[in-house]
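Examination of the molecular architecture
Listed below, chain by chain, are the residues.
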Amino acid sequence: MASNPRRPYVYRFGSARTEGDASMKNLLGGKGANLAEMCRLGIPVPGGFTISTEACTAYTEQGREAVLALIRGEVLEGVAFVEQEMGKRFGNAADPLLLSVRSGARASMPGMMDTILNLGLNDEAVQGLAARSGNPRFAWDSYRRFIQMYGDVVMGLKPARKEDHDPFEVIIDMVKEKKGVTLDTELDAADLQELVARFKALIRARIGHDFPTDPWEQLWGAVVAVFESWNNERARVYRELNDIPASWGTAVNVQAMVFGNLGDSSATGVAFTRDAGTGEDLFNGEFLVNAQGEDVVAGIRTPQQVTLEGSRRWAALACVDEDTRRARYPSLEELMPDLYRQLLQAETTLENHFKDMQDLEFTIQQGRLWMLQTRNGKRTGAAMVRIAIEMLDQGLIDEATALKRVDPERLNELLHPVFDRQALAGAQVIARGLPASPGAASGQIVFFADEADALARQGQAVILVRQETSPEDLRGMSVAQGILTARGGMTSHAAVVARGMGKCCVSGAGAVRVDMHARTMTVGDATFHEGDWLSLNGSTGEVFAGRLATREAELSGDFGRLMALADAHKRLEVRTNADTPEEAAIARRFGATGIGLCRTEHMFFEGQRIVAMREMILADSRAGRQAALAKLLPMQRSDFEGLFREMSGLPVTIRLLDPPLHEFVPHDEAGQRALARETGVSLARIQARVEALHEANPMMGHRGCRLGISHPEITEMQARAVFEAALNAQARGIAVHPEIMVPLVGTVREFNAQAAVIRRTAEAVFAERGARIAYQIGTMIETPRAALVAESIGAQAEFFSFGTNDLTQMTLGFSRDDAGRFLPTYLAQGMYEHDPFRSIDQKGVGQLVQMAVAKGRSVRPGIATGVCGEHGGDPASVAFFHRAGLDYVSCSPFRVPIARLAAAQAALG
Ligand code: PEP
Ligand code: MG
């Protein structure tokens, strides 16, 4: 049998031949696959090749020498191909081919891994480059950038402490100071040559050996450094935050350099085919003349806008008048109209081809346009919705694609509060920056990412304030309420990452001066210190002093349309877990079609109610308990009336009292003394009762239906409150559908005992009132035993509601109260893939759900089945419940839209 030829490690792309395509992302990474696809579309791309993710995996498993032995021959061929494409030779000092070496994983991880530019330069080649380009300044600047990047990334020369500056930047500052200039651009070729010498000396002193001069040694070092960067701290954090498996690895793209810093007919930029913040169908982007790509992303110079329209909008926000704008910040459309037209053509071709918003990188080298990257652009939740709906209307995508384009979790951003108008009226705008990522955020100022992380862990709301952010700040950014940077444009690291996270961000607030050493932020005469409150509006770019109140978001038209589309495609109903009429009203506004769980114990914790509840618990006779329950009855009844009113015409599932009674009594002496005063019961008796109620393991103790079985009068009072409320509501013309639910059942006898109390009470109330209503009695399935004997319970219960919180606790043997102590370690070690309390354990707990549904239906074919544990609002779990054939999920009000969309995506497969 012929053996399979081994799959190549290297895939070439360029004008003469292209071996990969867009479908090969797993092997070539997103960047490599799309570079190949652009070549196939005839878009100008500098020649290059991609080393596959399989080589990265080989590196992780076998190490440097082994992987270089595997790929060496193919890389040599790849370089020869690039030489042909560009008409230059690698290592030819007279006219050197220079290369870029970039990472590119399957999923985009902007800025998380490493990049090396201008590779191939050394003391001889820099002379050749100077002679060929006729621009010695450019040549020496390229060389100093290369040494700086390579020194940092490959040779590991970093600042000693986080407060310290980059050691290379310190040298640049020294040289500038010596010369008496402030800008890098004021340094001439001789200054840059001096920088190169000083950089090399620094490397020799700090690392102990010389900067490598052999281009091939440089190349192997860079390739390995990119593989290595897959496992650096920031890449690991990013993967953790975005659920990207460590096993994927990164590809390495080696490509001919093109230069945006070869004078005034050169430029470099980043563009989006639609607005990544709002979703508006408007081509937009930023560029810098005579610059390299990293200058745009680093946000050090103020970038110009690609389009005239964008430039005008930017000027209005930045308070730049039209004459100044045209003179100092003209758009590419005005400055280089022909190249702008070529770029516009490329962006149209690419968006139509990929049928999604594209994020593009381009370079113009002496009047010639090159595309360096295209990928589906990261965007805010609002932009996700708008782009999906508008692309549907434009006929670019169908309904199913539009629904799948929106990440359900990202809807969160549309549902969350914005600043209260009244609070805004009195607020003081201290600075304005770019509206980099929408939302409203208030928090206390913090200047370092690791400190933001530490404070957020203590529950503090923080705003991370930085000169500019870098990928090291990722963890701090993810926990901050918002991010403010003094520098940087809409495509700076802070802006792109914040949008990806759905985090409020204002970037490039030029009036803000940050002093990291003094830990202060100054705007005009005002100085703000660490810990001072600040508020940001990421939708307008405004920065406010102090803390501002927020209000609920209004749901926009596109959002409504997306939800209607979701409803048309989904099969699962989405109900809500709501304990108050207010929550019920919010959930209904978000499209819930009923209450799937009302936890009645939550109604007993407030104000005077807890006093009556405690009286009931302290009573030592049935009569005493009934007297206390009689005080609770009217309160419960009015709550239930509120729920029926808000959910008019829809089912309302009310669960009997669940928690252990000891949760209602005070455990400290001061509280117990106060209770003695309030109730007239002696302190000693109260303490004895608290002692008697104490349980070693309350989660498995006297709770759920066990309470109602010990004290049927509690069930009787609750059932009476439900039926009286339902009849009152019905008398006011409200259509009521009460469903009473018995918790924590393990045997059908428990269910039957409670159902008998409920039925008896119903008949008594109906007789008193001379009116009836239809109602259902069902059970929760939240102990493994209930799932195992679901056919006997199903023969009696009219519905099953899976309490997946308890079912997870009891199936895994993980205490809901204590799992936090070991779960992080468990997840880090891969014992479970996800937190089983957040996303259903499909293989274990999921099987119990499937089995109980089948058993229930075998005895009662139409039995209604739903989920009311936290998993009801988790998209992956919703997909599982769809496949398991349940009728509904129930989740907290703010997760209702997320569950509706997840249900539609599940139905679309
Ligand atoms: C459950 O156990 O999943 C449930 C919904 O009940 P609770 O969280 O109130 O125990
Ligand atoms: Mg439960």
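Every chain's residues receive numbers from 1 upward, in the order its sequence appears when written. As they are written, the chains are lettered A onward and the ligands numbered 1 onward, keeping that order. Where totals are concerned, whole chains, interfaces and linings use all residues; where local detail is concerned, this predicted model gives features only for residues with pLDDT of at least 70, and gives and counts side-chain atom pairs only at 80 or more. Side-chain measures here rest on the full set of heavy atoms in the structure, leaving out hydrogens and waters.

By the naming in an unreviewed UniProt entry, the protein is Pyruvate, phosphate dikinase, taken from Pseudaquabacterium inlustre. What UniProt states about the protein under its Catalytic activity (unreviewed entry) heading is, verbatim, "pyruvate + phosphate + ATP = phosphoenolpyruvate + AMP + diphosphate + H(+)". UniProt positions are given in the numbering used here, feature names are shortened, and annotations may be inferred rather than shown by experiment.

Our focus in this paragraph is the site of ligand 1. As a structural note, the neighbourhood of ligand 1 is formed by 14 residues, with Arg599, Arg655, Gly803, Asn805 and Arg816 the closest of them. Here Arg599 contributes a side-chain N or O atom positioned 2.7 Å from an oxygen atom of ligand 1. In short, Shrake-Rupley with a 1.4 Å probe defines the accessible areas, and a residue's cover is counted only from the protein chains shown. Here ligand 1, which alone exposes 290 Å², has 95% of that area covered by the protein. Among the elements that line the shell around ligand 1, the one with the most residues is helix H33 (residues 804-812), at 3 residues. Of the residues assigned to the shell around ligand 1, the class counts are 3 nonpolar, 4 polar and 7 charged. Distances are taken per atom, and a residue is near a molecule or strand as soon as one of its heavy atoms is within 4 Å of it. Polar contacts, as counted here, are pairs of nitrogen or oxygen atoms within 3.5 Å of one another; within protein the pair requires one atom able to donate a hydrogen and one able to accept it, and residues that are adjacent in sequence qualify only if both atoms are side-chain atoms. In DSSP terms, a helix is any run of H or I states spanning at least four residues, a strand is any run of E spanning at least two, and both are numbered starting from the N terminus. Note on residue categories: nonpolar means Ala, Val, Leu, Ile, Met, Phe, Trp, Tyr, Cys or Pro, charged means Asp, Glu, Lys or Arg, and polar means any other residue, Gly included.

Each protein donor to the magnesium ion (ligand 2) is listed here as Glu782 (OE) and Asp806 (OD); together their distances run 2.0 to 2.1 Å. Within this pair, whereas Glu782 is found in the loop between strand E28 (776-781) and helix H31 (784-788), its partner Asp806 is found in helix H33, the two being separated by 24 residues in sequence. Its relative accessible area of 2% is what places Glu782 among the buried residues. A simple rule labels every residue: compare its accessible area, found with a 1.4 Å probe on the protein chains alone, to the largest value its type can have, and call it buried under 20%, exposed over 50%, or partly exposed in between. By relative accessible area, Asp806 is classed as buried at 2%. The rule for donors is simple: N, O or S, within 2.8 Å of the metal, or within 3.2 Å if the metal is Na, K or Ca. Water isn't counted, so a site may look like it is missing partners.

Quick look at the domain arrangement of the protein now. When cut into domains, the protein gives domain 1 (10-256), domain 2 (267-379), domain 3 (417-551) and domain 4 (570-660 + 695-908). Domain limits in this description derive from either an automatic procedure or a database domain assignment. The gap between the C-alpha centroids of domain 1 and domain 4 is 58 Å.

This part covers the pairing of strand E3 (residues 99-105). Counting buried positions along E3 gives 7 out of 7 residues, so the element sits mostly inside the fold. Here E3 shows no split at all, with Leu99, Val101, Ser103 and Ala105 on one side and Ser100, Arg102 and Gly104 on the other all buried. Pairs of strands are assigned from DSSP output, requiring at least two bridges between the strands. Bridging between E3 and strand E4 (residues 115-119) involves 3 bridges; their strand directions are antiparallel. Paired with Leu99 across the bridge in E4 is Leu119. With 7 bridges connecting them, E3 and strand E5 (residues 250-256) associate as antiparallel partners. Directly across from Ser100, in E5, lies its bridge partner Gln255.

Turning next to the sheet that holds E5. Strand order in this open sheet of 5 strands is E1-E2-E5-E3-E4, and the pairing throughout is antiparallel. Looking along the sheet, the strands with just one partner apiece sit at the ends: strand E1 (10-13) and E4. Direction aside, the axes of adjacent strands within the sheet are offset by 20° on average. Orientation is described by axes fitted as lines to C-alpha atoms, over the contacting stretch for helices, and by angles from 0 to 180 degrees between their N-to-C directions.

Before going further, it helps to examine the sheet that holds strand E20 (residues 526-529). Within the open sheet, the 3 strands sit side by side as E18-E19-E20. Their pairing is antiparallel. The open sheet is flanked by strand E18 (512-515) and E20, the only strands paired with a single partner. Here the average twist between neighbouring strands, direction ignored, is 25°. Both E18 and strand E19 (residues 520-523) contribute to a ladder of 4 bridges, which runs antiparallel. Within the sheet, the bridge partner assigned to Arg513 lies in E19 and is Thr522.

Our next topic: the packing of helix H4 (residues 125-133) against helix H5 (residues 136-153). Across the interface, H4 lies against H5 with an axial gap of 7 Å and an inter-helix angle of 145°. Helix-helix and strand crossings are classified by hand; for H4 and H5 the assignment is right-handed. Contacts from Val126, Gln127, Leu129, Ala130 and Ser133 in H4 reach Pro136, Phe138, Ala139, Trp140, Ser142 and Tyr143 in H5. Class assignment for the residues of the contact of H4 with H5 results in 8 nonpolar, 3 polar and no charged. Should the near helix be turned counterclockwise from the far one by less than a right angle, the crossing is left-handed, whereas a clockwise turn marks it as right-handed. Here, two residues are considered to be in contact whenever any of their heavy atoms come within 4.5 Å of each other.

Here we come to the packing of aromatic side chains. Centres within 6.5 Å make a pair out of two Phe, Tyr or Trp rings, where for Trp the six-membered ring is used; the pair is then stacked when the planes are under 30 degrees apart, edge-to-face when over 60, and tilted otherwise. Scanning the model with the defined rule gives 23 aromatic pairs in all. The interplanar angle of 70° and the centroid separation of 5.6 Å between the aromatic rings of Phe822 and Tyr826 together place this pair among those described as edge-to-face. Summarising the aromatic geometry, the rings of Tyr826 and Tyr832 are spaced 6.4 Å apart at their centres and angled 20° between planes, so their arrangement reads as stacked. A relative accessible area of 25% means that Tyr832 is categorised as partly exposed.

What follows covers the pattern of salt bridges. A pairing counts as a salt bridge when a side-chain nitrogen of Lys or Arg comes within 4 Å of a carboxyl oxygen of Asp or Glu. Counting across every chain of the model gives 65 salt bridges. As a salt-bridge pair, Asp188 and Lys179 come within 3.5 Å of each other at their nearest N and O atoms. In this structure Lys179 comes out as partly exposed when scored by relative accessible area, which is 36%. The partner of Arg655 in a salt bridge is Glu601, with the nearest N and O atoms 2.7 Å apart.

We now examine helix H25 (residues 622-646). The periodicity of an α-helix, 3.6 residues per turn, causes residues three or four positions apart to be oriented the same way. Helix span, expected: 1.5 Å multiplied by one less than the number of residues in the helix. In this model H25 runs 35 Å from its N-terminal to its C-terminal C-alpha over 25 residues, within 8% of the 36 Å that 1.5 Å per residue would give. In this analysis the local bend is the angle between axes fitted, respectively, to the seven residues ending at and the seven residues starting at the residue. The sharpest bend along H25 measures roughly 30° and falls at Leu632, with the proline Pro634 sitting one to four residues further on. Of all the positions in H25, only Arg625, Ala628, Leu629, Leu632, Leu633, Gln636, Asp639, Phe640, Glu641, Gly642, Leu643 and Phe644 are classed as buried.

Not every positive phi belongs to a glycine, and Gln366 is a case in point at roughly 40°. One can find Gln366 in the loop between strand E9 (358-365) and strand E10 (368-376). With a relative accessible area of 46%, Gln366 lands in the partly exposed category. Look at Arg519: it is not a glycine, yet its phi comes out positive at around 55°.

Positionally, Thr522 belongs in strand E19. Owing to a relative accessible area of 18%, Thr522 belongs among the buried residues under this scheme. With 498 residues separating them in the primary sequence, Thr522 and Met24 have C-alpha atoms 49 Å apart. Aside from chain neighbours lying at most four places away, what touches Thr522 is Ala511, Val512, Arg513 and Thr527.

This paragraph deals with the state of the cysteines. Disulfide assignment relies on a single distance test, namely cysteine sulfur atoms paired within 2.5 Å. The final tally for this structure, using the stated rule, is 0 disulfides. Cys891 carries a free sulfur, and the closest cysteine sulfur to it, the one in Cys868, is 11 Å from it.

Attention now goes to the packing of H25 against helix H29 (residues 712-731). With their axes 8 Å apart at the nearest point, H25 and H29 run at an angle of 35° to one another. Considering how the two elements wind past one another, H25 and H29 form a crossing that is right-handed. The residue inventory of the contact of H25 with H29, partitioned by class, reads 12 nonpolar, 4 polar and 8 charged.

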